[in-house]
Amino acid sequence: FPLTTTANGRACLAELPEDEALRLIEAEWARNEVAGDLPRFLQRLGEVRRTGLAYDLDEHSEGISAIGFGFRDWGGTLHAISVPMPSTRFAEMKPAVEEALRVTKTGIAQMIAGDTT
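Residues numbered from 1 in each chain as written. Predicted model: local features only at pLDDT ≥ 70, side-chain atom pairs only at ≥ 80, totals over all residues. Heavy atoms only, no water.

A. The layout of surface pockets, seen in detail. In this model, the largest pocket occupies a volume close to 200 Å³. Listed by contribution, the elements that provide at least two residues to the lining of the largest pocket are helix 2 (18-31) and helix 3 (38-51). Among the elements that make up the lining of the largest pocket, the one with the highest residue count is helix 3 (three residues). Its residues assigned to classes, the lining of the largest pocket comprises four nonpolar, four polar and six charged. (1 Å grid on protein atoms, 1.4 Å probe; cavity = no way out; pocket = protein on both sides within 12 Å on 5 of 7 lines; lining within 4 Å. Points joined across faces, edges and corners; volume = space filled by probe spheres on them. Helix = DSSP H or I, 4+ residues; strand = E, 2+ residues; numbered from the N terminus. Nonpolar A, V, L, I, M, F, W, Y, C, P; charged D, E, K, R; others polar.)

B. Summary view of the packing of aromatic side chains. Within this structure, the stated rule accounts for three aromatic pairs. Ring centres of Trp29 and Phe41 lie 5.6 Å apart, and the angle between their planes is 75°; on these two criteria the pair is classed as edge-to-face. Here Trp29 is found in helix 2, whereas its partner Phe41 is found in helix 3, with 12 residues between them in sequence. Across the pair, Phe41 and Trp29 agree in class, each one buried. Here the aromatic rings of Phe69 and Phe71 are separated by 5.8 Å at their centres, their planes lie at 35°, and the arrangement is tilted. Like Phe69, the residue Phe71 is buried in the burial classification. (Phe/Tyr/Trp six-rings, centres within 6.5 Å; stacked < 30°, edge-to-face > 60°. Buried < 20%, exposed > 50% of the residue type's maximum accessible area, 1.4 Å probe, protein only.)

C. Representation of helix 3 within the structure. Relative to the 20 Å expected for 14 residues at 1.5 Å per residue, helix 3 spans 20 Å between its end C-alpha atoms, a close match to the ideal helical length. Taken residue by residue, helix 3 has Phe41, Leu45 and Val48 as its buried positions. An end-on view of helix 3 places all buried positions within 50° of arc, on one side of the element. Exposed residues pointing more than 90 degrees away from the buried face of helix 3 are listed as Pro39, Arg40, Gln43 and Arg50. Tucked into the core, helix 3 has its buried residues touching helix 1 (7-15), helix 2 and strand 1 (54-57). (Expected span 1.5 Å × (residues − 1). Arc of directions from axis to C-beta. Contact = heavy atoms within 4.5 Å.)

Purely spatial values, then, with no claim about function.
Below is the structure:
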């Protein structure tokens, strides 16, 4: 799956230092001959960093939208969890999926930190 058009890819990019994310974005766009709007994309990554959630609204697969988040495990390996859904149901499902992902992200962070409370 591409990094720049999927919720999980964007979530992972947002977890990286900006220079590393920039290198991966430019490489993916060059490989796929995409003329992307880099300032706009970096602004979107900033929003993912701020909110903790990344979105794909019909950008990777027509008719499918997704919400996701990224995290690092104990060894520092980057992972992402995303929930894809039919775009026709996205607005209806968005609040519940966002809440479930935030709860999951908090639980994973606590588990990684060794907090068993």
